Every structure is written in structure tokens, then in C-alpha cells.
Amino acid sequence: MNADNTEYITRPGEVDGGLFGKDFLLTWEKNSEDLETILTIAEGLKMLRDRNISPRCFDSGLAISQFRDNSTRTRFSFASAANLLGLAVQDLDEGKSQIAHGETVRETAAMISFLSDIIGIRDDMFLGAGNAYMREVGAALDEACADGVLPQRPGIINLQCDIDHPTQSMADLLHLKTVFGSLENLKGKKIAMTWAYSPSYGKPLSVPQGIIGLMTRFGMQVDLAYPEGYGLIPEVVDLAGRQAIEHSGRFRVVNSMEDAFRDADIVYPKSWAPFHVMQQRTGLLRNNDHEGLKGLEKECLANNARFKNWECTEEKMKLTKEGKALYMHCLPADISGVSCKEGEVAATVFERYRIPLYKQAGFKPYIIAAIMLTNRFDDPERVLGNIKQRGRNRVL
Amino acid sequence: MNADNTEYITRPGEVDGGLFGKDFLLTWEKNSEDLETILTIAEGLKMLRDRNISPRCFDSGLAISQFRDNSTRTRFSFASAANLLGLAVQDLDEGKSQIAHGETVRETAAMISFLSDIIGIRDDMFLGAGNAYMREVGAALDEACADGVLPQRPGIINLQCDIDHPTQSMADLLHLKTVFGSLENLKGKKIAMTWAYSPSYGKPLSVPQGIIGLMTRFGMQVDLAYPEGYGLIPEVVDLAGRQAIEHSGRFRVVNSMEDAFRDADIVYPKSWAPFHVMQQRTGLLRNNDHEGLKGLEKECLANNARFKNWECTEEKMKLTKEGKALYMHCLPADISGVSCKEGEVAATVFERYRIPLYKQAGFKPYIIAAIMLTNRFDDPERVLGNIKQRGRNRVL
Amino acid sequence: MNADNTEYITRPGEVDGGLFGKDFLLTWEKNSEDLETILTIAEGLKMLRDRNISPRCFDSGLAISQFRDNSTRTRFSFASAANLLGLAVQDLDEGKSQIAHGETVRETAAMISFLSDIIGIRDDMFLGAGNAYMREVGAALDEACADGVLPQRPGIINLQCDIDHPTQSMADLLHLKTVFGSLENLKGKKIAMTWAYSPSYGKPLSVPQGIIGLMTRFGMQVDLAYPEGYGLIPEVVDLAGRQAIEHSGRFRVVNSMEDAFRDADIVYPKSWAPFHVMQQRTGLLRNNDHEGLKGLEKECLANNARFKNWECTEEKMKLTKEGKALYMHCLPADISGVSCKEGEVAATVFERYRIPLYKQAGFKPYIIAAIMLTNRFDDPERVLGNIKQRGRNRVL
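**Brief notes about the overall build of chain A**
- Scanning chain A for helices and strands turns up 15 helices and 9 strands.
- The C-alpha atoms of chain A give 21 Å as radius of gyration, which agrees with the globular expectation for 396 residues (21 Å, within 12%).
- For the C-alpha atoms alone, the extent of chain A along its principal axes is close to 55 × 50 × 40 Å.
- Residues classed as buried in chain A amount to 55% of the 396 residues present.
- Sequence separation of 24 or more characterises 81% of the internal contacts of chain A that already satisfy a separation of 6 or more.

Here's what the structure looks like:
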């Protein structure tokens, strides 16, 4: 429990198991078997499409997207996934809707769902609000379904919130499975999730939290590194520690990028704003306090600038296992000398890992499609089998 | 004929009958049999989808939407309807088009229609203009078709104009049919379409006009109630009166919410701006007279405030038939203490009827799909029969 | 080579031949046989749809559109074409994406393409930049494909750039083929591509350049006419001259609308900004020099006003072959007394040719669909044959 009494994550023991008909909001609410099913289904969908077999399993249906923040990768991944399965994307653009009229979430949730199968939501601007919003939508859908307002309950997919970015971390996990050969092979591997310098500010915490919340479940040695004062949501850090113990891995928090990189098999250097700054920022955003926001930004950027040496350089890469750790990023990265003067990663390091990075990103459409499929079908492997047998070409 | 010589509605006797290939612009241009067909088809489509049978009848095709005002419900209903039948939605966003270049409606109408099946239009801001715009588009399409420019004539669906909101009133009628068991059972039932207080201003007249223009055709006792000075377009009121006589019902205009509620089986309390205000406002909007608009708004809100007692309260509900009238609203409602301080309806009344209200809204996608289907197929019931026989699953 | 050392077009001899897997960026990069194939496929697709046979050849797949400038006709043509073949349109809206973050074109191109089949781009604002951008995207896709990042290489379609507007000129060519009966019949026909007065400024050069770059390949007598100082990109003019010689036609540049109209079989009067003005404007736009842009606009409009007599009037039409030349325009036209006080064409001339003009526009969806189809299938005629044999109805 935090100073402001906001609970950011569900309590331990609330892993509910099961994917069919269940929203996908935090990876740690799903048991390991479920996560493995999603990876398997994602691989199966990719294999089918690569062989020109259409995995379409909806003759019609809507996949609604609601982006409360900008997005390219996730937007296109969601659209690709929906299309692959036969759903049409309908964007809920709050600016063009009547939502400003003071309409309740409960009402809007029902109104957009009469013929919808999936709702994907990105809401990562307000700490304590994004994931809560998704649950509010979910509760409204449950109620509408129980009341007979909706003939079926659309599934909600978290496309990034204040706590987790599960479609990202699951795509990252599939990338690791592919690179290292199996989930089994990840046991004992060291991954360094570290803060890195960026000339921008206010980046969400969802990626580092998503990574430590997921990778601690596969027997990995997870190091979370950041300069003093750049901590994450405490409950997520606690959770990562507990999970590491439970899954015979290790979880450490260190205040040195070098420490984290030493002997690492995988490094994930990425900027974020400190938890307490995100708390302040959320308050200022809610109050439309533009002056306050400007002041906070200035203060923050000045503080960031003290840590310009938190850059993923060639020198630091040499500290990793045989100097060959796999470099990961959710993209777009702040590349020194390319997208900014000084940033998260040296241009030569980024360029050397560019192809694997793009492949990493390429798993996201299939992860989202697998989450959609497992949400709508109780025996997704049988569905894939039927699709394979049907053998309908995607392209004539 | 009004003071400004604008004719707002087509003349009596212009009911043309038939749905196939005919635009759906005003319910009173369709004969009763046609309206019943739409209800039947909407019910059939809903039944098919509820049984997981896909009613898709287009392998490809576009449904164009043009929203000249905000929309959530109708936008999603239109998208759902199009998708259910196999059409892809393409939005005509005038801001991203070349329409500002001074292009004529005649030209734009043809340009967007080469491969289109349906055009849905919302245009409710300017009195005397919205429905007229739809007819202008329609005339352009007729001409383009006759000239061989278009291989087929897309059908136009009125998604709310200055005069009528037919997809709303038809969904409302289907709700009434469902609640009361049949259209036959509506005979003699009393419905109170009444003005209600709202802290906003400039709400269109299309819903109350749509309700009195439709419900007077089913033998109902229709009371239209509003504070003095809050009248509707006179021709629509006249039409409602004539229709009530023709269909052995009753139509009254009263200036008391209580009078209208007394012994009512159904109440529909909803705010709107007075006709003469909408006329003034249209003039000011056309002239981009921001000062004038501000003045009118201020004056209007002050006038509205004199009628804060026009609220659908528990006390007023007690006046209705056994205190149990069905409460209806097109949503979103201005709920006292929820979406505003003082509004159209007491929170407890709204909450008690929330589930039926949401069900009412849930008919709209099917009504729109039925209007699309009856526009494109001359024997829609046979089409539904074929679809049922085909038995293709919507979800694998 | 120009003063500023920008090369605007690919060098002669770079006609590469082939459509399958090749981007469609400039008509003069394709050999004549390829262009004829596109016309034939477009005609075939139109015939199939007119007979209610669905030419759908994708069970799923995305067609991405990126419009860096406004569009109605081309946007709807692209959407119609994609839909006809079974692709869903996904718009890349840079305002809602993370592209502003300094992301490279190379990265964005890969990120949007994992499950995409086609990318359509309009980029016509900056001279020397639009076509170059398309090639940069293309190079990124090639690389991503070679690197195994993408399972397939999406095809790029130029939806108007700074140099060419190939979907427009090809639709125009199909119109000419239809009106005159065959491409063979175009030999010796005279077409006048002439500048015309417009009260607006900064219109792109792509249409006149596209017309002289395409029509000089079919044995036509092509006159390019403009007031002194209103020249096009010099390399395109040179190319037109060389092509006319090679294809036994003629290409002339004249400074009189009357000269060009004399005995013309076809006239295409359309405004554009002078090449050197577009160069200046590009510089000012890049520097966000609003004052400079205002000054340039003022100067330009004043200069334009000296040539108000460059209007396609009834008198000038009388100069054409039997006074009956076919009038063409890419639309929307600046019609004197209709969309502006004084413009490109007299209202009576425009009105007399309105139906053929709209038919001309109606070929664009089919041209785009044909370009899509020839990009994805190596034997498009066999595909059409299979589709015809399959005989699936578009509308049930």
C-alpha cells in the first residue's frame, strides 16, 4: 500500500487461471500454463500465415480500439491481429464521440459492445488510473452481460497501462523463446532491465514493470537497475521478488548499469520517469496545472541529465556474457546521434541488434491475435487444428 | 409553410412505399407495412447472430459514413450493422478531404460512390439543412446513376437530421414491440413525449419529432408536452395530429409534464431547444456570428432555468399508469446528480430503468442493418431464409 | 540536373519492366506492356464487379494508406480497391503515431508492414521529397525483407507525389482507351495539356507531369502549354520529348492556350504552380517560414492574375477538332462562377463534359485495384480467370 493509498496491483493469490472469456490485463494474473498457451498459439498463427493458410475464424465481428495515448506499433499490431482473425477494427475516438457529455464509463462500455468481440485499450498517462479504467470497463461489461443487455461479453486486452504492457512483454518473451530455443533454456539466464538516459521525460513505467513482472517467472536472474530515485511501483517490485523465489530464479535491484550488465545474457536498457514523479505528474495532469507540469518537466530533465552515463555503450556491452548479450528494446529507442544527441543507446550497438529488435517487434501482432483467440475459444489448439485442416488460402 | 418559407417536411400523400432501392430519410415517407418489415428483419438478424449464424450477404462493399456532428452510439451501430452484413466502413471526413475546395455536393456524392453500397449521414446542426442535404446527395446519386456514372445507386440512411432521427425512433419502436409483446398491443397505450430540463442548450429537435412522427401511426395516445415557447417544427406537429386521426389514436399538445405523465404507459422525457431558437441559431451559425451565438446561449440557458421542475422525478413517475410507466431515452441522458447537478431525470428513476434503456439502445445496430438489407434486396425475407439455410457460423 | 542538384526522376534506361513485387512509383519506370496489362486487369475487375462476381482474392490482409495531404477521390478509390480485393484499410495517421518521436523512416516502414500487403502513399507537398520518401520506404522494406524481418515485401503505390500522379494518369489513359475504342486509336491524336488560371496557388505539378510522361508513349501529339515562367520539372519535360520521338509521336511546349487547343482531340486545362515557385515554397515550408510563404503566395496570386484569360472557354473549345475535343480534368476543377469567380473552365464547358469527367474519375478505383493485383500475383490474368470460374457473388 502506498502513501496515497492507491493499490496498483491485484493482491497475490489472485492468479485466476484460464484465458477463455477472461480479460488480459496483467501477465501476473495468468498462470504459467496460460502464458505458454499464448506463446504456442502465437507461433501457430505465424506458421499458418507464413504458409499462406488463413487463420480467419470470424465471418464478421468488431475489435474496438481505444487509444488514449499515441501509438504506431501497437495500433498496427492490434489492427493486424484483428484482421488476421476476421474482425474489423472500429476506433473509439473520444473526441468524435459524446463521451465528453458526461456519459459514464458503464454506459459507454455497453453502448459500444452490442456486436463487439474484443476491446483493446491503451491508457498509460495517469498513474493509478489506466489499469483501473480497464477494470471499470470490464465490470460494466460483466454487469451488462448479466443483465441481458449484451448477448456476449467482449474480451478486454490491455494495450499498455500505467502498470503493465503485457502484449509487449509477451512479444518479448516469445522473442527470447525463439532466440534461446525454448522457455526451458531461459532458466538461469541473466536479464538486465535497466534505466537509461533519455532527453525526454514522463515515459511510462509499464515496460520495465512488465518485464520484471514476467521474466521472474521463468527461472531467470533478473536485475533491475536504476539511478537512486528512479524506482518503480513498489508492489510490482515486491511481486517480482516473490515470483523469482517461487520460480527458482533471482531478482535484484541495483543502482549501477555496469553491475546489471555484468555477465548478462540479455540487456533491456530503457528510460522511464521515477514512480514519485509519475505520481506528481498524475496530480498535475488531473488539475490541468500547465505551469506545474512545465516546472516538473524542467526539474526532471535536469535530474535526468545527471545520469547521461546511463547509456548502453559498446564498453558496457563488453561487460556482458562474452560481450554478446542480446540487446532488447520496445522501440522506438532514443539512439545517440540518430534520434537525439545523447540517448539510451549508442548507435553502433543499436545498429548491430537492429534486425533482432525488429523481429522482436514482429511478434506483437501474433501475440495479440493469440490473446484474442484464446479469449474467444475455449480450446484454441483444436481451433488451430481445424483451421489447418480447412487449409483455406489467405492469398488466392 | 413557415415564416422563413422553408418547408421542413415532404407534403402529405408523398408516402412512396417500398424500401428496395429507396433512401430511408423520414419514417413518415414509408408506409406502415414497410416499417413492420424493417422490424421483422431486424429481429431476424438479431436471432441469427444470437444463434451464431452469420448474416453476411456482401463479399465486399463499402458503407460510407459522414458524421457532421459527434456520435458514439449511432457511429458504433452503423459500423456494427455494416460489418454484420459484410460491408467495410469508410468514413468521409470533410476535414481530410478536398471538399473545402468548393467542390459541389453533386460531385462529391458521385466521387465517393463508385463502389459503395450504403451512405449513412448525420447532419443535425442546421435547421432546414440536414434533411435537405441528404436529399441533395440522393438527387446527385440518382443523376449519376441515370447518366451511367455509377453502376448502382447506393442507398442513403438518415443517421439523424434536423427533422427526424429514424434509426433511433425505429429502435425505440422495436423496443416497445418487444416490451409490450406486439405492435397490436401498442394500440391505446399512452406515450408522453415531453420536454425536460437540461443545463445544456441547442439539443436537436429530431428525437421528439421522430417519436411523435412515428408513434402516432400505431394507434397510440401520444402526448407532446413542453413549456410554452418550446415548440417543434409546426409541420411535424401537424403531421402527428393527422396520423393519429388516421390510425385511430390520439395526439395532444400540452404544457404540463404532469398532464402528459398522468396514466402514461410510456414516458420519454428529453430536452430540446425551441424551434424558433434553432431557427435563430441556424442563422447565427451560418454567419459564424460567435458573439450572437454566445448571447443566444446565455439567453436560452436563462430561459431553460425557469423550467428546472421539468424533471422526471419519482413523484412524477407515480402519476403514470400504476406508477410503472416504461421510461425511455435516446441516451446519453442528463441525470441529476450524476452527469449534471440538475437535469432531465432523477438518478433513482434512471437507475431503475437502466437495463431496459440499454436494451432499447441495443436494437439500433439491427435496425440499421435491416434498413441496409431492405435497401439492397427486394425480397429481404427470402434473403434471411437463404442465410439461415446456409447456416454459416459467425464465429468458427 | 537542376540548379539545386536535386535529381527529380530516375535516369532513362531504368525502365525495369515487370509489375509483380515491384512498386508503382512512376509510369515511365514501367514498360508499355506492363501498362497495358494494368488497363486490361482494371477492365476485367470492373466487368466482374458489374456482373456481381466478387474479385476478392485476399481472405485477410492490410492495405495501409498514408496521406500527407488531403484527399477525397484517391482516398475513396484506394479504400474501394482494397475492399474489392479483400484487404482492410489501415490509415497511418502520423499525428496519432510515435513518428514525431524522431523514429526513422526505416523503422516505421518495417513496423507497419509485418502483416501488410500494400502501402499507398500520398506525399506531394515538398518538391524533391515525395517520390524520394516513397523510395526510402521501399528501400527499408527491401532491407527488412532481406533481413528476414518481414515474411513478404508489401508493394508501394504512389497515390500522388511531387513528380507523378500515376493512378490519376493511368485512370485518364483508361478513360481515353474507352472513349476512343483502343490504345491503337490514340495514335496521332492531339492532346493539349495546358495550364489554366486558378485563384488558388501552390497546386502540385504531378498531374501535368504525369500526363506528358504517360501520353507521349502512345504515339499521341502532346502539346504542353503554359504562360512563360510556369514550367514543369525540366527532366520530366525532357523525358516527354524523348518518349514522343521513340513512340513516333510529337511533343511540343508552347506558350499559348489557343495554339495548344487548335485541332486538339483532347484538352486537359489545369492550374499548377511554376516549378521555380514550388522550389522556393519547399524551402519556405521546410523552414516553417510563415511570413515568407505569405509573401510568396501574394506574389504568385498577383502573377497568376495576369493570366486570367487562360480559361477553357466556349470560344477556345471551338478551336479544337470540329469544336468537339474531349475535355478532361482530374477534379475538383475551379469552375468560373461555380466554385470561384474566375477559374480554369467556363461553367458551360464543364457542365457539357461533366458526365465523361465523372466516368474518367470512376476508373481510378479499378486502376488502383489492378496495380494491387499485379503487384501481388505474377500471373494476374490467370487469377482473374480463376475468379471468374469461381463465380462467387459479391452481393448474395
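Picking up where we left off.
**With respect to the sheet that holds strand S3 (residues 116–123) of chain B**
All names here are of chain B.
- In spatial order, the strands read S2-S1-S3-S4; together these 4 strands make up an open sheet with parallel pairing. Whereas interior strands pair on both sides, the edge strands pair on one side only; in this sheet they are strand S2 (88–91) and strand S4 (155–161). Here the average twist between neighbouring strands, direction ignored, is 20°.
- By the bridge criterion, 4 bridges tie strand S1 (residues 62–67) to S2 in an arrangement that is parallel. For Ser65, the partnering residue across the bridge sits in S2 and is Asp91.

**Points about the interface of chain C and chain B**
- Counting from both sides, the interface comprises 30 residues of chain C and, opposite them, 29 residues of chain B.
- Counting residues per element, the ones that place at least two in the side of chain C that touches chain B are helix H2 (73–85) and helix H13 (354–362) of chain C.
- Per element, the largest residue contribution to the side of chain C that touches chain B is 6 residues, and it comes from H2 of chain C.
- Of the residues contributing to the side of chain C that touches chain B, the split by class is 14 nonpolar, 10 polar and 6 charged.

**Re the domain arrangement of chain A**
All names here are of chain A.
- Under the domain assignment, chain A is made up of domain 1 (27–164 + 364–390) and domain 2 (172–360).
- Here the C-alpha centre of domain 2 lies 27 Å away from the C-alpha centre of domain 1.
- Counting only elements with at least two residues in the side of domain 1 that touches domain 2, the list comes to helix H1 (32–50) and strand S4 (155–161).
- Broken down by element, the residue count for the side of domain 1 that touches domain 2 peaks at 4 residues, all from H1.
- Taken together, the residues of the side of domain 1 that touches domain 2 break down into 9 nonpolar, 4 polar and 5 charged.

**As for the confidence of the model for chain A**
Residue and element names in this part refer to chain A.
- Looking at chain A as a whole, the pLDDT averages 93, with 94% of positions reaching at least 70.
- Low confidence marks residues 1–5, where pLDDT is under 50. Its contacts with residues over four positions away, or in another chain, come to 3 contacts.
- Here the predicted complex carries an ipTM of 0.94, next to a pTM of 0.96.

**Observations regarding the relation of the copies chain C and chain B**
- For the pair chain C and chain B, the best superposition has an RMSD of 0.0 Å and corresponds to a rotation of 120° with a translation of 0.0 Å parallel to the axis. One copy is carried onto the other by what is essentially a three-fold rotation axis. By C-alpha distance to the rotation axis, the residue of chain C lying nearest is Ala88 of chain C, at 4.6 Å.

**Comments concerning the interface of chain C and chain A**
- Counting residues at the interface gives 29 residues for chain C and 30 residues for chain A.
- Listed by contribution, the elements that provide at least two residues to the side of chain C that touches chain A are strand S2 (88–91), helix H3 (105–111) and helix H15 (380–390) of chain C.
- Here the residues of the side of chain C that touches chain A sort into 14 nonpolar, 9 polar and 6 charged.

**Quick word on the sheet that holds strand S6 (residues 221–225) of chain C**
Residue and element names in this part refer to chain C.
- Spatially, S7-S6-S5-S8-S9 is the arrangement adopted by the 5 strands of the open sheet, whose pairing is parallel. With one partner strand each, in any of the chains shown, strand S7 (250–254) and strand S9 (326–327) form the two edges of the open sheet.
- Pairing of strand S5 (residues 190–194) with S6 involves 5 bridges; the strand directions are parallel. Across the sheet, the residue bridging to Ala192 is Asp223, located in S6.
- Taken strand by strand, helix H7 (residues 234–246) contacts S6 and S7, and its axis lies near 145° from that of S7.

How each quantity is defined
Residues numbered from 1 in each chain as written. Chains lettered and ligands numbered in written order. Predicted model: local features only at pLDDT ≥ 70, side-chain atom pairs only at ≥ 80, totals over all residues. Helix = DSSP H or I, 4+ residues; strand = E, 2+ residues; numbered from the N terminus. Rg over C-alpha atoms; globule rule 2.2 N^0.38 Å. Buried ≥ 20, exposed ≤ 12 C-beta atoms within 10 Å, placed from the backbone. Contact = placed C-beta atoms within 7 Å. Pairing = 2+ DSSP bridges. Axes fitted to C-alpha atoms, helices over the stretch in contact; angles between N-to-C directions. Nonpolar A, V, L, I, M, F, W, Y, C, P; charged D, E, K, R; others polar. Domains from an automatic or database assignment. pLDDT = per-residue confidence, 0-100. Least-squares fit on C-alpha atoms with pLDDT ≥ 70 in both.

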